[in-house]
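Observations on chain architecture
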Amino acid sequence: MRDVPLFTGVGVALVTLFSEDGALDAPATADLAAQLAGLGVRCVLVAGTTGEAAALTAEERDALVGAVRAALPAEVPVLAGTGAPTGRQAAELTERAFAVGADAVLALSPAGVPDPRPYYEAVAKAATGPLLAYHFPGASAPGIPVGLLPDLPVSGLKDSSGDAGRLLHERDVFAGDLYTGAASLVGLCGAIGGAGALVAAANVAPEQCVAASGGDPDAQVRLAAVDRSASADFPAGYKRAAAERFGTSVVTRVGA
């Protein structure tokens, strides 16, 4: 385990921006990341679920990581999504991510695998920096059983299940960095001593995320409302909401 968390406070599950023809726009994505960092975001997750990772080639992932890393202050880590259907594939993506500048990687648990320990062991062997596990059964069921968390060779966990009871259970049994991926639980995660949040809502309302993480209950209520609206049409809703504020592209690759 790391002596200190990868980051504390709020990280953003960054949207990936595309041009009108659907081509990757890495410079625009990096510019958005830099703007969010200026508004209090302390970590940027590239090529995560919100970033339409499944629609990106390995070369596009490389370009994104490199562009975002170059655009951010050194103290703001870049976390690269490297989850894949198999440990071999995830290990390859992990090697590439670190080679192009990622500070850490986040690996979504594989679909249809009730015991992901061998998968994470394979990824850990390829990781030259911190590895975080990612529990999100809505995207890749069944996810990670809480009882297996202490056995995983990881330094942290992102839990996007939105299950408050599970978050409390994780805090009780898992010694690593604990991050919620649910906007509705940002305040709770901070209150129980979790490291912070990695949320899509930070693309839209980073200030509300920071305030909620710091214990402001009114900000938590406002943040949850923002997220309910933006998440209704995933990931397009977050892109539309971000575009209203930052003038960014609303193009997605979903269904393209």
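Just so it is clear, the structure is predicted and the values come from calculations on it, not from any experiment.

Here the focus is empty space enclosed by the protein. Vacant regions in the atomic arrangement are exposed by a probe of water-molecule size rolled over the atoms. Applying the stated criterion to the full structure yields one cavity of 30 Å³ or more. Size it by volume and the largest cavity reaches roughly 70 Å³. Considering the residues around the largest cavity, the lining is formed by A47, A58, R61, D62, V65, A80, G81, T82, L93, R96 and A97. For the lining of the largest cavity, the secondary structure elements donating two or more residues are α2 (58-71), β3 (78-81) and α3 (87-99). The biggest single contributor to the lining of the largest cavity is α2, with four residues. When its residues are assigned to classes, the lining of the largest cavity shows six nonpolar, two polar and three charged.

So, on to helix α5 (residues 164-173). Where α5 is concerned, the buried positions are R166, L167 and E170. What you see down the axis of α5 is that its buried residues fit within an arc of 100°, all on one side. For α5, the elements touching its buried residues are β5 (131-135), β6 (156-159), β7 (177-180) and α6 (186-191). Structurally, the start of α5 carries an N-cap: the backbone nitrogen of G165 is 3.0 Å from a side-chain oxygen of D163.

Another aspect to go through is the layout of surface pockets. A volume near 450 Å³ is recorded for the largest pocket. Lining the largest pocket are 25 residues, and of these G48, T49, A53, A54 and L108 lie nearest its centre. Its residues assigned to classes, the lining of the largest pocket shows 15 nonpolar, seven polar and three charged. Computed from the structure, the second largest pocket encloses a volume of approximately 320 Å³. Looking at the second largest pocket, it is lined by 22 residues, and the ones nearest its centre are F136, G181, A182, D227 and Y238.

Attention now goes to the packing of aromatic side chains. Enumeration over the complete set of coordinates arrives at four aromatic pairs. Measuring from centroid to centroid gives 4.5 Å for F7 and Y179, while their planes differ by 15°, and the two rings are stacked. Here Y179 lies in strand β7 and F7 lies in the segment before β1 (9-13), a separation of 172 residues in the sequence. Exposure class is identical for F7 and Y179. Each is buried.

Within the largest apolar cluster, 69 residues are counted, with the highest numbers of intra-cluster contacts made by L14, V44, V46, V68, L72 and Y120. Aside from chain neighbours lying at most four places away, what touches L14 is T29, L32, A33, L36, V44, L45, T50, G51, V68 and N203. Membership of the second largest hydrophobic core comes to 14 residues, among which are L6, A13, L45 and A195.

This next bit is on helix α4 (residues 117-126). Residues Y119, Y120, V123 and A126 constitute the buried set of α4. Down the axis, α4 shows its buried residues gathered within 115° of arc, on one side only. Of the exposed residues in α4, those oriented more than 90 degrees away from the buried face are P118 and K125.

Bringing the pattern of salt bridges into the picture now. If charged atoms from side chains of opposite charge come close, those side chains can pair. Across all of its chains, the model carries 11 salt bridges by this definition. Measuring nitrogen to oxygen at the nearest pair gives 2.5 Å for the salt bridge that ties R166 to E170. Here R166 and its partner E170 are both found in helix α5, four residues apart, which amounts to about one turn of the helix. Grouping residues by exposure puts R166 and E170 together as buried.

Right, let's get into the pairing of strand β4 (residues 104-108). Counting buried positions over the five residues of β4 gives five, a clear majority of the element. Judged by which residues are buried, β4 turns out to be covered on both faces: A104, L106 and L108 on one side and V105 and A107 on the other are all buried. As defined by bridge partners, β3 adjoins β4 across three bridges and the pair is classed as parallel. Residue A80 lies in a different strand from β4, and its bridge partner there is V105. Relative to β5, β4 is paired through four bridges, and the arrangement is parallel. For A107, the partnering residue across the bridge sits in β5 and is A133. In the classification by handedness, the crossover that spans β4, the intervening α4 and the parallel β5 is right-handed.

Conventions adopted
Residues numbered from 1 in each chain as written. Predicted model: local features only at pLDDT ≥ 70, side-chain atom pairs only at ≥ 80, totals over all residues. Heavy atoms only, no water. 1 Å grid on protein atoms, 1.4 Å probe; cavity = no way out; pocket = protein on both sides within 12 Å on 5 of 7 lines; lining within 4 Å. Points joined across faces, edges and corners; volume = space filled by probe spheres on them. Helix = DSSP H or I, 4+ residues; strand = E, 2+ residues; numbered from the N terminus. Nonpolar A, V, L, I, M, F, W, Y, C, P; charged D, E, K, R; others polar. Buried < 20%, exposed > 50% of the residue type's maximum accessible area, 1.4 Å probe, protein only. Arc of directions from axis to C-beta. Contact = heavy atoms within 4.5 Å. Polar contact = N/O pair within 3.5 Å; in protein donor to acceptor, adjacent residues only side chain to side chain. Phe/Tyr/Trp six-rings, centres within 6.5 Å; stacked < 30°, edge-to-face > 60°. Core = buried A, V, L, I, M, F, W, Y, C linked by side-chain atoms within 4.5 Å. Salt bridge = Lys/Arg side-chain N within 4 Å of Asp/Glu carboxyl O. Pairing = 2+ DSSP bridges. Right-handed = clockwise from strand over helix to strand, strands pointing away.

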